[in-house]
Amino acid sequence: MKNRRILIIYTGGTIGMVQDPETGSLSPFDFQNLIEAVPGLSSIGADIEAYCFEHLIDSSDMGPDGWIHIAQVIEKRYADFDGFVVLHGTDTMAYTASALSFMLENLDKPVILTGSQLPIGVLRSDGKDNLINALEMAAATDENGQALLREVAVVFGSRLFRGNRITKFSAESFSAFVSANFPPLAQSGVHIKWYCPAPAGHPADGKRLVAHTDLEVNVLIVKVHPGMSAGTLGLILNTPGLKGVVLATYGSGNAPTSPAFAQTLADAVKRGIAILNVTQCTEGAVEMGKYAASNPLKAAGVVSGYDMTTEAAVTKMMYVLGLRRPFEETRRLLSTPLRGEMTV
Ligand code: ASP
């Protein structure tokens, strides 16, 4: 059988970093250095090519422009490769994976993000395993030669996760990510075990890949906290140009019940600002109406984000608002699963 063709897109992150001998700080280094740390790569049985960002970045500097760059590389090289591995810093990997899942419509091939907690050149690095897992999983096929994965995913600490379901929860552990509301897609041990959860959205059915690059960046995440006044909330919601807010609420979607708080939200919705309710809890979902403390949000026109992560919610907001649909349609899309990002 012919080797699978995999394109590595190297954006930066700890995986390829080296320590500056003077300052002791880690900064990105070139691809050759990274690849030399994994001498056996050729035995994976895949033809690997690389595309490197001109300026390698710490993922703290990743954002909509970088996501568009990655999406455009994938779109341009889509026919030439069977799968894509994106090397990326862990700090914002959950945002990038979520953003790409929405931006790449009709995706029918694996796009796997990975990185590491320790640079690949360090003896105890997790980078080598993560990179090898990502490449093997991106090259994996069923008995008909079809790719086993056809969505955006993240491999880290031996598990493969749906990309728009994860959150970075540890700056220390080699298992840096959790996917509390959705099971892993695969697990690497002696063998790679694949699980078959529900597909991540509508099947591509041979439709052409579309990379959506119009993202609305005038969105904010607002985390409700005890003592947050309606006045402060109003100042935030009156930010000039604001188009959407992800409201991170308590528990199953609750917020302070003062009429002024709800009125401030209702006024913003009337001005055409989309407000999406997600929970501050890592696990579980928004259930507006379960407690009286969420009723005012519902009445104000706040939309439920169910069990979406904050990372998925904010990137979905950018994508959906970027579609420039009428307000009611925007609100409907926000609370509809588009790429397996939430369970309704
Ligand atoms: N600061 C790094 C980054 O996100 C952390 C990492 O890669 O683990 O680029």
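Residues numbered from 1 in each chain as written. Predicted model: local features only at pLDDT ≥ 70, side-chain atom pairs only at ≥ 80, totals over all residues. Heavy atoms only, no water.

### Brief notes about the nonpolar core
Ranked by internal contacts, the top residues of the largest apolar core, which has 56 residues, are I9, I74, L104, V111 and L113. Discounting residues that sit within four places of it in the chain, L113 has contacts with V86, H88, M93, T96, A97, L100, V152, A153, V154 and V155. Residues I35, V38, L41 and M137 belong to the second largest nonpolar core, which totals 28 residues. (Core = buried A, V, L, I, M, F, W, Y, C linked by side-chain atoms within 4.5 Å. Buried < 20%, exposed > 50% of the residue type's maximum accessible area, 1.4 Å probe, protein only. Contact = heavy atoms within 4.5 Å.)

### Quick notes on the pattern of salt bridges
Counting across every chain of the model gives 14 salt bridges. A salt bridge links D108 to R150; the shortest N-O distance between them is 3.3 Å. One end of the pair, D108, is in the loop between β6 (104-105) and β7 (111-114); the other, R150, is in the loop between α4 (127-139) and β8 (152-156), and 42 residues separate them in sequence. In this structure, D214 engages R324 in a salt bridge whose closest nitrogen and oxygen atoms are separated by 3.0 Å. Pair noted here: D214 is in the loop between β14 (210-211) and β15 (219-223) and R324 is in the loop between α8 (310-322) and α9 (327-334), with a separation of 110 residues, a long-range link. Overall, R324 belongs to the partly exposed group, its relative accessible area being 47%. Connected through salt bridges with shared partners, the residues R4, R5 and D82 form a single ionic network. (Salt bridge = Lys/Arg side-chain N within 4 Å of Asp/Glu carboxyl O. Helix = DSSP H or I, 4+ residues; strand = E, 2+ residues; numbered from the N terminus.)

### Considering the pairing of strand β16 (residues 244-249)
The side chains of a regular strand alternate, residue by residue, between the two faces of the sheet. For β16, a buried count of six out of six residues is recorded, marking the element as mostly surrounded by other parts of the structure. Of the two faces of β16, the one holding G244, V246 and A248 and the one holding V245, L247 and T249 are both buried throughout. Across five bridges, β15 lies against β16 in parallel orientation. Bridge pairing links V222 to L247 in β16. As paired elements, β16 and strand β17 (residues 274-279) share six bridges and run parallel to each other. (Pairing = 2+ DSSP bridges.)

### Quick word on the site of the ligand
Around the ligand sit G13, T14, D58, S59, G89, T90, D91, S116 and Q117, and that is every residue in its neighbourhood. Interatomic distance of 2.9 Å between a side-chain N/O atom of D58 and a nitrogen atom of the ligand. In this structure, a nitrogen atom belonging to the ligand sits 2.8 Å away from a side-chain N or O atom of D91. Look at the ligand: alone it shows 270 Å² of surface, and the protein chains cover 90% of it. Across the shell around the ligand, the residue classes tally to no nonpolar, seven polar and two charged. (Near = heavy atom within 4 Å. Polar contact = N/O pair within 3.5 Å; in protein donor to acceptor, adjacent residues only side chain to side chain. Areas by Shrake-Rupley, 256 points an atom, 1.4 Å probe, with all protein chains shown as cover. Nonpolar A, V, L, I, M, F, W, Y, C, P; charged D, E, K, R; others polar.)

### As for the sheet that holds β16
With parallel pairing, the four strands of this open sheet are ordered in space as β15-β16-β17-β18. Single-partner strands in this sheet number two, and they are β15 and β18 (303-304).

### Section: unusual backbone geometry
Leave glycine aside and you will find that most residues have negative phi; peptide bonds, for their part, are mostly trans. Not every positive phi belongs to a glycine, and Y306 is a case in point at roughly 45 degrees. Positionally, Y306 belongs in the loop between β18 and α8. At R324, a position not held by glycine, the phi torsion is positive, near 55 degrees.

### Topic: α9
Every α-helix winds through 3.6 residues per turn, so residues three or four apart in the chain are directed the same way. Within α9, burial applies to T330, R331, L333 and L334. In an axial view of α9, the angular spread of the buried residues amounts to 160 degrees, which keeps them on one side of the axis. Structurally, α9 contributes buried residues whose contacts are with β17, β18 and α8. (Arc of directions from axis to C-beta.)

### Here we look at the environment of K290
Assignment of secondary structure puts K290 in the loop between β17 and α7 (295-300). Among the residues examined, K290 registers a relative accessible area of 49% and is labelled partly exposed. With 37 residues separating them in the primary sequence, K290 and G253 have C-alpha atoms 8.6 Å apart.

### Overview of the environment of E136
Within the element layout of this structure, E136 appears in helix α4. As for E136 and A46, which are separated by 90 residues in sequence, their C-alpha atoms are 8.3 Å apart. Excluding residues that lie within four positions of it along the chain, E136 makes contacts with I44 and I192.

### Comments concerning the pairing of β7
In β7, alternate side chains face the same way, and those of V111 and L113 on one face and I112 and T114 on the other are all buried. Sheet analysis places β7 next to β8, joined by three bridges and oriented parallel. In the sheet register, I112 faces β8, and the bridge partner there is A153. Viewed along the sheet, the connection from β7 through α4 into β8 turns out left-handed. (Right-handed = clockwise from strand over helix to strand, strands pointing away.)

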